[in-house]
Amino acid sequence: MTNLSYRGTRGTISSSAPVPSRQSQHVVQFYEADEFLANSVGDFLSAGLVAGAPCIVIATPAHRADLERRLVADGLDLAAAQARGDYRALDAAETLATFMNGDALDAARFAEIIGGMIGGAAQGQQGWRGQQGQTRQPHVFGEMVALLWEDGRPSSAIELEALWNDLSVDLPYPFLLCCAYPMRLLAGEANAEQFVAICRSHSHVIPDESYSALTTADARTRAITRLQQKAASLEAEIAERQRAEERLRTSENRYRRLFEASTDGLLMVDPDTQAVIEANAVLATWLGSTPARLLGLELWQTGLFPSRAATLELLRELEQQRIARRDVVLASAEDGQVRSIEFVSTRFRANGHDIIQCNLRDVTERNQLEARKNAFISMASHELKTPVTSLKGFTQLLQRRLQRQPVDPQTMLFLDRMDAQLNKLTGLIGDLLDVTKMQEGTLPYRETRFDLDALLRETVENVQAAITTHQVRIEGATSAQVSGDRDRLGQVLINLLTNAVKYSPGADTVVVRLSADQQWAEVAVQDFGIGIAEQYHGRIFEQFYQVAEPQEGGYPGLGIGLYIAHTLVERHGGRLWLESRKGAGSTFHFTLPTLPDLAPEGDESSVAAEHAEVAQ
């Protein structure tokens, strides 16, 4: 009986004896390199030709050429074998086409064409000659199944393997068949089930060269062990990947529910094309559209911004700072309602690509409440100002009258305290009015040119006269001329100095440091008090914001002094910031742009130009 075995160090297929058998064999050879395939199948065909068996090769042109070079190298005369009809080579693609009906295999045509070819070879008919009329067992190599697999039709390849097996049962003549698959076609978890089906379709499975080339049982055992370990690792990796994919699906589903159920408008934009890639129903309703109609539109086409230029400016800001904020006004397409929209857009990287997410919140009601609050504060401040001014006047009148006659000292003390409290109340009312005017854009500014150092010295002297607990010390000088509202900038310094005194109850010194360069003058007010924790630095200049920590107790005030100071400094083209640590005091810095020195006396044209600049 003909048997199949490994031969030599290559582990190739061989026919060990020419004895006919009534049993066909169907072998599959897996390979990585074409050279290994040529050696393995070459041994298989060479053994058949040497034994006098006919050989049929149905392969690609490249593999036919490799096989024929290999057979010639073994000393076989292929020309003579072809002349005798013992060797026949066919093109795999052309042969496959003869029994294809469109994309489907035609089983009857396959049996007719391939079965007739094998039967003729076995009987020595149609050009095939046996020895003394003896039925011979053909050696067949085919890779039509590999062509189907490479063409993306693995199920057709497996079906063709079944047709070969049916042929081996139907033909009265046994034959030896070797099929071949490159391992690259079978890699990946998706091919696992079909790979098992291929192996089941064959009577013998020959591994690729990484295993077949091993010559000892110990080496093969070690290789199998390594493969088992790799398989176990791969199974664990696949299981973990499946769990990760399940978590990802859960996360995506949760995100999708949040995206669709959000009461805010949400928009996702591709930064490269500026096109909308996702929008929720809330935003679509605001825009009088649907999510589907918004997809693919460029951001400027959605109607969120007045022009394409405004949108491009937003995208540039996003590219530089990764976040951008805008206030948007939308008029509803349904009822004409005007909405105030707070637009916050962020640019971030996800899965190797940048994406823009836009969050839009309807702040119409909040803005209306804010407007009513500001109107109330403005009205209350104006209403309070008149009686407080009257009280202040009557208190001062009583003080002057009582100073001209003998009076109980305690009465004068009470009047002094009343006057001090009225001064505080007047300051609070003034701050509230300033805040209202700032928000309305009606706060008056009287811009003049003045000496900054003189203003600082004057302000420090006035504050020092009103306090007895701290010594205010000036260090350095700016020697700078600045342009602005002298009284408002004095108000900034008063706020910083009074805060320094208030929040350093355990100290007795406040330092004002002055410096300047060619463009900027800098003023720093340092105290040695309780300090401000870093987490509060970002909000310390907000309107009505006060740091509240229970262990420190409360400090009087409305939380608007720093807001006013910050707004006034920015109005003058400067910047106000904080350096502080908890328990280590605070230093508030602000800068102002300086003016060039005035022209020398007598240069009238330069003086005129300077006056024109100040007037502007």
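Refer to the structure presented above.
A brief look at the structure comes next.

1. Notes on the overall build of the protein
Moving on, step 1. Helix and strand counts for the protein stand at 19 helices and 22 strands.
Moving on, step 2. Per-residue burial for the protein yields a buried fraction of 42% across its 616 residues.
Moving on, step 3. Counted over contacts in the protein with a minimum sequence separation of 6, partners at least 24 positions apart contribute 64%.
Moving on, step 4. Total accessible area on the protein stands at roughly 33,600 Å², and carbon and sulfur atoms take up 52% of it.

2. Topic: the pattern of salt bridges
A side chain with one charge can pair with a side chain of the opposite charge if their charged atoms come near.
Moving on, step 1. Per the counting criterion, the structure on display carries 28 salt bridges.
Moving on, step 2. The partner of R243 in a salt bridge is E240, and the shortest N-O contact between them spans 2.9 Å. Of this pair, R243 and E240 both sit in helix α10 (residues 217–261), separated by 3 residues, roughly a single helical turn.
Moving on, step 3. With relative accessibility at 45%, the residue R243 sits in the partly exposed group.
Moving on, step 4. Residue E240 is classed as partly exposed on the basis of its relative accessible area, which comes to 34%.
Moving on, step 5. Between E313 and R316 there is a salt bridge whose closest N-O contact spans 3.0 Å. Linking E313 with R316, this pair stays in helix α13 (residues 308–321), spanning 3 residues, or about one helical turn.
Moving on, step 6. The class of E313 is partly exposed, set by a relative accessible area of 38%.

3. Here we look at the pairing of strand β19 (residues 509–516)
Moving on, step 1. Relative to β19, strand β17 (residues 471–476) runs parallel, the two sharing 6 bridges. Of the residues in β19, the one forming a bridge with Q471 is T509.
Moving on, step 2. Hairpin connection from β19 to strand β20 (residues 520–526): 3 residues lie between these consecutive antiparallel strands.

4. Brief notes about the packing of helix α17 (residues 486–502) against helix α18 (residues 561–571)
Any two packed helices are characterised by how steeply their axes cross, that is the angle between the axes, and by the distance between the axes.
Moving on, step 1. Direction vectors running N to C along α17 and α18 enclose 145°, while the axes themselves pass 9 Å from each other. Once α17 is placed against α18, the crossing between them reads as left-handed. Of the residues in α18, those touching α17 at R488, Q491, V492, N495, L496 and N499 are G561, L562, I564, A565, L568 and V569.
Moving on, step 2. When grouped by side-chain class, the residues that make up the contact of α17 with α18 number 7 nonpolar, 4 polar and 1 charged.

5. Considering unusual backbone geometry
Moving on, step 1. A positive phi is found at Q274, a non-glycine position, where the angle reads about 60°.
Moving on, step 2. Classification of Q274 as buried rests on a relative accessible area of 18%.
Moving on, step 3. Although it is not a glycine, S479 sits at a positive phi angle of roughly 50°.
Moving on, step 4. You can see S479 is positioned in the loop between β17 and β18 (481–485).

6. Describing the sheet that holds strand β11 (residues 265–270)
Moving on, step 1. Spatially, the 5 strands line up as an open sheet ordered β12-β11-β15-β14-β13, and their pairing is antiparallel. The two strands at the open ends of the sheet, each matched to only one other strand, are β12 (275–279) and β13 (323–331). When the angles between neighbouring strand axes are averaged without regard to direction, this sheet yields 30°.
Moving on, step 2. The pairing of β11 with strand β15 (residues 353–362) spans 5 bridges and is classified as antiparallel. Counterpart to V269 in the pairing with β15 is I356.
Moving on, step 3. Contacts from α10 reach β11 and β12, with the element oriented near 95° to β12.
Moving on, step 4. The sheet strands contacting α13 are β13, β14 (338–350) and β15, and the helix crosses β13 at an angle near 155°.

7. Concerning the nonpolar core
Moving on, step 1. Formed by 41 residues in total, the largest nonpolar core has its most connected members in L452, L496, L497, V512, V523, V525 and F590.
Moving on, step 2. Elements with a contribution of two residues or more to this core: α16 (452–466), α17, β19, β20, α18, β21 (575–580) and β22 (586–595).
Moving on, step 3. Here this core gets 7 residues from one element, more than from any other, and that element is α17.
Moving on, step 4. Those residues in contact with V525, other than ones at most four positions away along the chain, are L493, L496, L497, A500, V510, V511, V512, S586, T587 and F588.
Moving on, step 5. Counting residues in hydrophobic clusters, the runner-up holds 34 residues, among them F110, A157, L186 and I198.

Calculation criteria
Residues numbered from 1 in each chain as written. Predicted model: local features only at pLDDT ≥ 70, side-chain atom pairs only at ≥ 80, totals over all residues. Heavy atoms only, no water. Helix = DSSP H or I, 4+ residues; strand = E, 2+ residues; numbered from the N terminus. Buried < 20%, exposed > 50% of the residue type's maximum accessible area, 1.4 Å probe, protein only. Contact = heavy atoms within 4.5 Å. Areas by Shrake-Rupley, 256 points an atom, 1.4 Å probe, with all protein chains shown as cover. Salt bridge = Lys/Arg side-chain N within 4 Å of Asp/Glu carboxyl O. Pairing = 2+ DSSP bridges. Axes fitted to C-alpha atoms, helices over the stretch in contact; angles between N-to-C directions. Left-handed = near helix turned anticlockwise from the far one by under 90°. Nonpolar A, V, L, I, M, F, W, Y, C, P; charged D, E, K, R; others polar. Core = buried A, V, L, I, M, F, W, Y, C linked by side-chain atoms within 4.5 Å.

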